[in-house]
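# Structural description and commentary
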Amino acid sequence: MNEKYSRRLYLELPLCFLLLFFLMPTSGGFGFDNECWSNWATAIDQYGIGNVYKKSDSNYPPLIMYFLYVFNLFQENNEKIVENIYYFRLIPLLFDFLPVIILMLFKKKFELERGYHFFLLFNVAYLYNTMLWGQVDSIHSNLILLSLFLVLSMPRLAMVVFVLALNMKLQSVIFFPVIFLCLIPKVSSIKIFIQIIAAAIVTQLIILTPFLLSGTINELYLVVINSASYFPQASMNAFNMWYFIADGNLWETSDVTNFIRIGFGSFKLTMTYKSFGLLLFLIFSALALFPLFIKTIYSIILKNIKSDIQELLFLTSGLITLIFFYFNTEMHERYSHPAMIFFFFYGMSKRNFTLYIATSIAYFLNLDAVLRYFKLPEDTFLYKPQFIATIFAMIIATGLLLIYKNYKISDEVTFLKNRLFKKKEKALS
C-alpha cells in the first residue's frame, strides 16, 4: 500500500467511526437485550466480574463481562450505567471496523485502494445488529474472521483469537472444524502442537481467573452446559427451515416435540425437531467441509498449501454459518450475522458479491421483521418468514454449488486414491 493512501486511510477510519457514532440512536433497540446489559453491568459494578453469574441472571459466556466492566469504567454510578447503556454499543461498533484493520494488517492493497471496505462499513444490514438492535454479534463474528486470517501464518495466535471468540458466543464452536482443518498442515512437529494447545489453555485460564478466585466457576459451568437448551423453542425468530415444517407460533413450539416416528417390527425410531435439525446440520456441514478436508489432506502430503485455500475458507465458513442457522432449532434471527462478513471477504477474492448481497438482504429483512425499526407495512411479503427462509435456502444451495464447481477436488481425490493404492501394493508385496 502506498504511503499516501495509507495516511488517508488512517484519517478516513476515525472519521467513519465518528460519523456512525453520531448516527447511532441513543434509544430504542431490543428492550430485552438492553435490560440484560444493564442488569449484568450493574451486578459487575456492585459485586465484581467474578460474582456476576451469582448475582445476576447472566447467560452469556465470560468475555462480554469484561467489555461491560470496561463500559462501567466510564460511568459514575449504577444510575448512569442504566441511563447510558445505549453507549455500550460503541464496543461492538469498534469490532465492526475490525475487517478494515485486518485488510490493513495483511496489506490487502488492491481491496483497500478500491474502497471495497466501505461496501461493508456502510451496509445497513451489517450495522443493524450493533447500531439499531444493540447486540454484540459483531464481536465474535470478526474475531472468527481474524482467526481465519491468522490460521495459515500464525497458528498459535489464531488459536488464542478463536478461544476469545468462543468465550464471547458459544456458537463460535461451529467454526472449530474449519480452524482445525487449517491448523493440521501447520503442525509440523509435536512442539508446535503443544504450543498451540498451551496457547488455548493459557488464554482460557486467564479469562476464567476472576471466577476461579471468586469460587463461582460452577455457576459459569452451568451457564455453558445449559446454553444449548436455554430457549427450547423451534425457532427464536430465525426465519429458517422450520417455518416450512412446523405449525403455529414457533416461539411456543417446543423443539423436543416428536417430529418423525418410524417403526419396523420391534425397531422404533423417534426424532424430535431438535434432533432432526441437528442431523440435517451435520449432513450439510459435512458437505460444505468436504472440499476443505480433501485439500487439507492433500496439503499435508505435498507439504504445500494451495493459493485458493483462503477464499475457500471464507466460502466454507459462510456456508457453515447459514447451515447452522437454517436447520437447527433454538436459532435467533441474529445468528446468520457472521455469514455476511465471510461472504464479503469471499466476494472480494472472487470480485463477485452476489452471496454477500443476498445474505445482507435476507439478514436485514429477518432483523427488521422482528424489531420493525424501518416500519415497512406489516403485511408486506418482504417480512413473510417463508419468503426470507426461501432466500436463505437459495444462498445455501448456491454456496454448495460454488464450493464444488470452483474448487474442484477431483485431482486431489485421484491423487489420494493413487497414493493409498500404492501403499497397499507395497504392503502386499
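Heads up: the structure comes first, above all this text.
Scope of this entry: the structure provided in the associated data block.

Scanning the chain from N- to C-terminus turns up 22 helices and two strands. Against the 2.2 N^0.38 benchmark of 22 Å for 429 residues, the chain shows a C-alpha radius of gyration of 23 Å, consistent with a compact globule. Projected onto the principal axes, the alpha-carbon positions of the chain cover approximately 80 × 70 × 50 Å. Across the chain, the fraction of contacts at a sequence separation of at least 24, relative to all contacts at a separation of at least 6, is 73%. Counting only carbon and sulfur atoms, one obtains 64% of the accessible surface of the chain, whose full area is about 20,300 Å².

Moving on, we get to a nonpolar patch on the surface. On the surface, Ile190, Phe193, Ile194, Ile197, Ile201, Leu205, Leu212 and Ile217 cluster together to form a nonpolar patch covering roughly 740 Å² of accessible area. Looking at where Ile190 falls in the secondary structure, it is placed in helix 14 (residues 190–214). For Ile190, a relative accessible area of 60% corresponds to the exposed category.

Note on placement: Ser360 falls in helix 20 (residues 354–371). When the C-alpha positions of Ser360 and Phe344 are compared, they lie 9.6 Å apart, and in sequence the two are 16 residues distant. Not counting residues within four places of it along the chain, the set of residues in contact with Ser360 comprises Asn123, Ala125 and Met340. Side chain to side chain, Ser360 and Asn123 meet in a polar contact 3.0 Å long.

This part takes up the layout of surface pockets. Roughly 960 Å³ of volume is contained in the largest pocket. Around the largest pocket sit 37 residues that line it, and Gln171, Ser227, Ala228, Glu330 and Tyr335 are the ones nearest its centre. Mapped onto the lining of the largest pocket, the elements with two or more residues apiece are helix 2 (31–47) and helix 17 (273–302). No other element matches helix 2, which puts five residues into the lining of the largest pocket.

Right, let's talk about unusual backbone geometry for a bit. Its identity as a non-glycine residue notwithstanding, Glu330 has a phi of 65°, on the positive side. Checked against the element boundaries, Glu330 lands in the loop between helix 18 (309–327) and helix 19 (337–350).

Summed over all chains, the structure comprises 42 aromatic pairs. Between Phe284 and Phe327, the ring centres sit 4.7 Å apart and the planes meet at 15°, which makes this aromatic pair stacked. With Phe284 in helix 17 and Phe327 in helix 18, this pair connects stretches of sequence that are 43 residues apart. Its relative accessible area of 25% is what places Phe284 among the partly exposed residues. Put simply, the rings of Phe106, Tyr116, Phe119, Phe149, Phe314, Phe344, Phe345, Phe353 and Tyr356 pair up and form one aromatic cluster. Over the face of the ring belonging to Tyr47 we find Lys55, whose NZ or CZ atom lies 5.1 Å from the ring centre.

Parameters and conventions
- Residues numbered from 1 in each chain as written.
- Predicted model: local features only at pLDDT ≥ 70, side-chain atom pairs only at ≥ 80, totals over all residues.
- Heavy atoms only, no water.
- Helix = DSSP H or I, 4+ residues; strand = E, 2+ residues; numbered from the N terminus.
- Rg over C-alpha atoms; globule rule 2.2 N^0.38 Å.
- Contact = heavy atoms within 4.5 Å.
- Areas by Shrake-Rupley, 256 points an atom, 1.4 Å probe, with all protein chains shown as cover.
- Patch = residues over 30% accessible without salt bridge, like charges linked within 9 Å, V, L, I, M, F, W, Y side chains within 5 Å.
- Salt bridge = Lys/Arg side-chain N within 4 Å of Asp/Glu carboxyl O.
- Buried < 20%, exposed > 50% of the residue type's maximum accessible area, 1.4 Å probe, protein only.
- Polar contact = N/O pair within 3.5 Å; in protein donor to acceptor, adjacent residues only side chain to side chain.
- 1 Å grid on protein atoms, 1.4 Å probe; cavity = no way out; pocket = protein on both sides within 12 Å on 5 of 7 lines; lining within 4 Å.
- Points joined across faces, edges and corners; volume = space filled by probe spheres on them.
- Phe/Tyr/Trp six-rings, centres within 6.5 Å; stacked < 30°, edge-to-face > 60°.
- Lys NZ or Arg CZ within 6 Å of the ring centre and 35° of its normal.

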